[in-house]
Amino acid sequence: MAFIKIDNIYKSYKGLKVLENFTMHIEGKKIIAILGPSGCGKTTLLNILAGIIQPDKGKVIGLENKKISYLFQEPRLIKWKTVWENIDFILKDKMAMKEREKVITKYLKMVNLMEFRNYYPNKLSGGMKQRAAIARAFAYPSDVLLMDEPFKSLDFELKFKLIDCFIKLWEVDKRLVFFVTHDIHAALLLGHDIYVLSEKPTNVKLRMVNEIPHRERSLKNKYILELEKKIIDNFEEITHV
Ligand SMILES: Nc1ncnc2c1ncn2[C@@H]1O[C@H](COP(=O)(O)OP(=O)(O)OP(=O)(O)O)[C@@H](O)[C@H]1O
């Protein structure tokens, strides 16, 4: 993945200044965790990266023609399609049936949902639905994955299980991920780079690099605790979920 430059972005909504002089430079297939207070413009930033909305000023360089997949707080599975069909649906235009079968099987196995492939979403638990959504996001041959709080509103244990599941998939199928969140623990466990955003008008207040490999990360690790302290010193409003 080439260099991505988010260059001096400005975005307002009817006089409400949301992003101002917002700049990030990113290289490689990394997980970029973006922590910010509520309403600071995290979703706005993802929408600009996806090309869904345009900035008033500034530009994003390097994402032109890139394929994007999404992971949201709600799994957003199609109700009338099975787990298998939900993934097949987004791959139909991308690959032939034989290849689709291989890809879907691979990812459903990785999230332990192969035996539930013929279930409809309403027969699955919240965690299973989100695992299906994670499998779908990775099965789609995207260059970039945009994530908007996919681990929010989950109980503590389930959140960590899903983070683990996400890391497992990312490690076999690395891609650039932009992960916006309020959740400092999720950011510390997932992010290679962690950006802390300011209040509106929003720009980057702090950038940190988390050098510990995912498999060795623990919230009790001294290095991680130091990073956590630095984040909290810079930003009081972040929640621990
Ligand atoms: N289409 C819109 N029209 C007007 N105001 C908007 C629009 N979209 C977002 N806003 C406002 O812009 C600000 C940033 O919104 P955004 O959803 O990007 O923030 P966020 O950081 O993702 O919020 P949250 O943490 O609550 O998810 C908020 O004050 C929001 O009310």
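Please read all numbers here as calculations on a predicted model, not as lab measurements. (Residues numbered from 1 in each chain as written. Predicted model: local features only at pLDDT ≥ 70, side-chain atom pairs only at ≥ 80, totals over all residues.)

### A look at the overall build of the protein chain
Next up, step 1: Helix and strand counts for the protein chain come out as seven helices and nine strands.
Next up, step 2: Its C-alpha atoms give the protein chain a radius of gyration of 18 Å, near enough to 18 Å, the size a compact globule of 241 residues would have.
Next up, step 3: The burial tally for the protein chain puts 34% of its 241 residues in the buried class.
Next up, step 4: A separation threshold of at least 6 residues defines the contact pool for the protein chain, and within that pool the share at least 24 residues apart is 73%. (Helix = DSSP H or I, 4+ residues; strand = E, 2+ residues; numbered from the N terminus. Rg over C-alpha atoms; globule rule 2.2 N^0.38 Å. Buried ≥ 20, exposed ≤ 12 C-beta atoms within 10 Å, placed from the backbone. Contact = placed C-beta atoms within 7 Å.)

### What about the sheet that holds strand 5 (residues 68-71)?
Next up, step 1: One open sheet accounts for six strands, arranged 5-6-7-3-8-9; its pairing is mixed. This sheet does not close on itself; its edge strands, each paired only once, are strand 5 and strand 9 (204-209). On average, each strand axis in the sheet is inclined to that of its neighbour by 15 degrees, with strand direction left out of account.
Next up, step 2: Strand direction decides the pairing type here: strand 3 (residues 31-35) and strand 7 (residues 176-181), joined by five bridges, are parallel. (Pairing = 2+ DSSP bridges. Axes fitted to C-alpha atoms, helices over the stretch in contact; angles between N-to-C directions.)

### Some points on the site of the ligand
Next up, step 1: Taken together, Tyr-13, Leu-16, Val-18, Gly-36, Ser-38, Gly-39, Cys-40, Gly-41, Lys-42, Thr-43 and Thr-44 make up the full set of residues adjacent to the ligand.
Next up, step 2: Of all the elements, helix 1 (residues 42-49) adds the most residues to the shell around the ligand, at three residues.
Next up, step 3: When grouped by side-chain class, the residues that make up the shell around the ligand number four nonpolar, six polar and one charged. (Near = placed C-beta within 6 Å. Nonpolar A, V, L, I, M, F, W, Y, C, P; charged D, E, K, R; others polar.)

### Observations regarding the sheet that holds strand 1 (residues 3-13)
Next up, step 1: Read across the open sheet, the three strands follow the order 2-1-4; overall the sheet is antiparallel. Of all the strands in the sheet, the pair left with one neighbour each is strand 2 (16-27) and strand 4 (57-61). Taken pair by pair, the neighbouring strands of this sheet meet at an average axis angle of 15 degrees, ignoring direction.

### Description of helix 4 (residues 126-139)
Next up, step 1: For helix 4, spanning 14 residues, the distance from its first C-alpha to its last is 20 Å, which sits close to the expected 20 Å at 1.5 Å a residue.
Next up, step 2: With 11 of its 14 residues buried, helix 4 lies for the most part within the structure.
Next up, step 3: At its buried positions, helix 4 is contacted by strand 5, helix 2 (83-91), helix 3 (97-110), strand 6 (144-148) and helix 5 (156-172). (Expected span 1.5 Å × (residues − 1).)

### Section: the pairing of strand 9
Next up, step 1: Sheet topology note: the strand 8 (residues 193-197)/strand 9 ladder contains five bridges and is antiparallel. Following the sheet pairing, Ile-194 is matched in strand 9 by Met-208.
Next up, step 2: Counting the residues that bridge the hairpin from strand 8 to strand 9 gives six residues.

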